[in-house]
Amino acid sequence: MTAEKTALEAGLYCVFGNPVSHSRSPDIHHAFAAQRGDAVQYEKREAPLDDFAGAVQSFREAGGLGANVTVPFKELAFALCDAITERADQAGAVNTLWWDGEQLHGDNTDGAGLVKDIRDNQGWNIRKKRVLILGAGGAVRGVLGPLLAEEPTLLRIANRTKEKAETLAANVMKGEGPPVLGGGLDNLMGQFDLVINAISAGLQGEMPALPDGLLADGAVAYDMIYGNEPTPFLRWAEQQGANATADGLGMLVEQAAEAFEIWRGWRPDTAPVMALLR
Ligand code: ATR
């Protein structure tokens, strides 16, 4: 075995967050690595809120090869990078870091993970569909580019704070692309084929009231949040007659697979890992 191969097979990675104790990323990456017997060590690292850069530096000095970044550090990670991918640039946020020599590189795999789960795992179309996304925070900004690349008929962003949805929509709308409309939750109207929830209040078991009739015939609903129970948003969607629903566990595993491939150079099989996490 060559020295180069040994170096690639072993590897130290982590996820930075605060808090981070709930993260399932170590389980996911260890399960990926086990598919080829790679000696990957993947840790949770709680970075101090006031010194994310210092935490990244210490990890690098400890021999870290790459890292994931979760709440609340994705924008800070973006600012810290020497080089970023186009999709991270569009998201204004980075969830995957690695070093190339002294250069810190950043990518954002969240949107690709969402699209892969919706399109390939769930088998739902985004192309030529009317898409509604609820929320206008960092999670939404991170996925708009990859969603629009699938060429929906239109994309509507609805948010409690209307101005945030309007700004996001104006920033991503391109002349030749599908129309992107931003607005409030209170005056939300129309019918949609795919509704995606990214309102983080859903984690605590509460959802804002939504009008009846948003779901078109055959519509499907996706919650970027995941849990052991159906989320409040998915319960609402079922009551509204959704044809199918899915939570964000698949997105979590797919965004991880995308990061793993960047770091390790091979694509892990996601289906058994999703089954394991369930
Ligand atoms: P994330 O990274 O999860 O997107 P965020 O950037 O803090 O987190 O965004 C949280 C999103 O959830 C926002 O769209 C927020 O709406 P506002 O922009 O109006 O704050 C939304 N949100 C949080 N709690 C909410 C609630 N109780 N009702 C409606 N929307 C809520």
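Provided above is the structure to which this section pertains.
### Side note on the environment of Val195
Point 1. With respect to the helices, strands and loops of the structure, Val195 is situated in strand S10 (residues 192-197).
Point 2. Those residues within four positions of Val195 in sequence are excluded, and the remaining contacts are Leu132, Leu134, Leu215, Val220, Ala221, Tyr222 and Phe233.

### Quick look at the nonpolar core
Soluble, globular proteins show a tendency: their nonpolar side chains are buried together.
Point 1. Judged by nonpolar contacts, the single largest core of 28 residues is most densely connected at Leu114, Ile157, Ile196 and Tyr222.
Point 2. Broken down by secondary-structure element, the contributors of at least two residues to this core are helix H6 (110-121), strand S7 (130-134), helix H7 (138-149), strand S8 (154-159), helix H8 (162-172), S10 and strand S11 (215-223).
Point 3. The greatest single-element share of this core, amounting to five residues, is contributed by H7.
Point 4. When near neighbours in sequence (up to four residues on either side) are disregarded, Ile196 contacts Leu114, Ile118, Val131, Leu132, Ile133, Leu134, Leu147, Tyr222 and Met224.

### A word on the pattern of salt bridges
Point 1. The tally for this structure, following the rule as stated, stands at 16 salt bridges.
Point 2. In this structure, Arg264 and Asp38 form a salt bridge, with 2.9 Å as the shortest nitrogen-oxygen distance. Of the two residues, Arg264 sits in helix H10 (residues 249-264) while Asp38 sits in the loop between helix H2 (25-34) and strand S2 (40-46), which places them 226 residues apart along the sequence.
Point 3. Judged by its relative accessible area of 3%, Arg264 is buried.
Point 4. In this structure, the salt-bridge partner of Glu151 is Arg127, at a minimum N-O distance of 2.6 Å. Separated by 24 residues along the polypeptide, Glu151 in the loop between H7 and S8 and Arg127 in the loop between H6 and S7 bring together distant segments of the chain.
Point 5. Of the residues examined, Arg127 reaches a relative accessible area of 43% and is grouped as partly exposed.
Point 6. When salt bridges that share partners are traced, they join Arg87, Asp107, Glu254, Glu258, Glu261 and Arg267 into one network.

### Remarks on H7
Point 1. Residues Val140, Gly142, Val143, Leu144, Gly145, Leu147 and Leu148 constitute the buried set of H7.
Point 2. Count one or two residues on from H7 and you reach Glu151, which has phi positive near 60 degrees.

### Some points on the side chain of Asp38
Point 1. The buried category is assigned to Asp38, whose relative accessible area is 13%.
Point 2. If we ignore the near neighbours within four places in the chain, the residues touching Asp38 are Glu9, Ala33, Arg264 and Trp266.

### A closer look at the site of the ligand
Point 1. In the neighbourhood of the ligand, 13 residues make up the surrounding shell, with Ala136, Asn159, Arg160, Thr161 and Lys164 lying closest.
Point 2. In the model, an oxygen atom of the ligand is placed 2.5 Å from a nitrogen or oxygen of the Thr161 side chain.
Point 3. Across the complex, the protein chains shield 70% of the 640 Å² of accessible surface that the ligand would expose by itself.

### Describing the packing of aromatic side chains
Point 1. Inspection of the entire model under this criterion finds 10 aromatic pairs.
Point 2. Taken together, a centroid distance of 5.8 Å and an interplanar angle of 85 degrees make the contact between Phe16 and Phe59 edge-to-face. Here Phe16, found in strand S1 (residues 11-17), pairs with Phe59, found in helix H3 (residues 52-61); they are 43 residues apart in sequence, far enough to count as distant.
Point 3. Assessed through its relative accessible area of 1%, Phe16 is described here as buried.
Point 4. The interplanar angle of 85 degrees and the centroid separation of 6.3 Å between the aromatic rings of Trp124 and Tyr222 together place this pair among those described as edge-to-face. Taken together, the residues span a long stretch of sequence, with Trp124 in the loop between H6 and S7 and Tyr222 in strand S11 at a distance of 98 residues.
Point 5. Residue Tyr222 is classed as buried on the basis of its relative accessible area of 0%.
Point 6. Chaining the aromatic ring pairs together yields one cluster made of Phe16, Phe52, Phe59, Phe73 and Trp99.

### Things to note about the sheet that holds strand S6 (residues 103-107)
Point 1. Taken together, six strands build an open sheet; the order of strands is S2-S1-S3-S5-S6-S4 and the sheet is mixed. Both outer strands of the open sheet, S2 and strand S4 (83-84), are each paired with one neighbouring strand and no more.
Point 2. For S1 and S2, the ladder comprises seven bridges, and the chain directions are parallel. When the bridges of S2 are listed, Gly17 appears paired with Glu46.
Point 3. Sheet strands in contact with H3 are S1, S2, strand S3 (64-69), strand S5 (96-100) and S6, and its direction is about 170 degrees off that of S1.
Point 4. H10 contacts S1, S2, S3, S5 and S6 of the sheet and is inclined by roughly 5 degrees relative to S5.

### Comments concerning the pairing of S8
Point 1. When S7 meets S8, the two strands line up parallel, connected through five bridges. By the bridge assignment, Leu134 is partnered in S8 with Ala158.
Point 2. Crossover S7 to S8 through H7 is right-handed.
Point 3. Examined bridge by bridge, S8 and strand S9 (residues 180-184) share five bridges and lie parallel to one another. Paired with Asn159 across the two strands is Gly184, which belongs to S9.
Point 4. A crossover links S8 with its parallel partner S9, the connecting element being H8, and its sense is right-handed.

Definitions and limits used
- Residues numbered from 1 in each chain as written.
- Predicted model: local features only at pLDDT ≥ 70, side-chain atom pairs only at ≥ 80, totals over all residues.
- Heavy atoms only, no water.
- Helix = DSSP H or I, 4+ residues; strand = E, 2+ residues; numbered from the N terminus.
- Contact = heavy atoms within 4.5 Å.
- Core = buried A, V, L, I, M, F, W, Y, C linked by side-chain atoms within 4.5 Å.
- Buried < 20%, exposed > 50% of the residue type's maximum accessible area, 1.4 Å probe, protein only.
- Salt bridge = Lys/Arg side-chain N within 4 Å of Asp/Glu carboxyl O.
- Near = heavy atom within 4 Å.
- Polar contact = N/O pair within 3.5 Å; in protein donor to acceptor, adjacent residues only side chain to side chain.
- Areas by Shrake-Rupley, 256 points an atom, 1.4 Å probe, with all protein chains shown as cover.
- Phe/Tyr/Trp six-rings, centres within 6.5 Å; stacked < 30°, edge-to-face > 60°.
- Pairing = 2+ DSSP bridges.
- Axes fitted to C-alpha atoms, helices over the stretch in contact; angles between N-to-C directions.
- Right-handed = clockwise from strand over helix to strand, strands pointing away.

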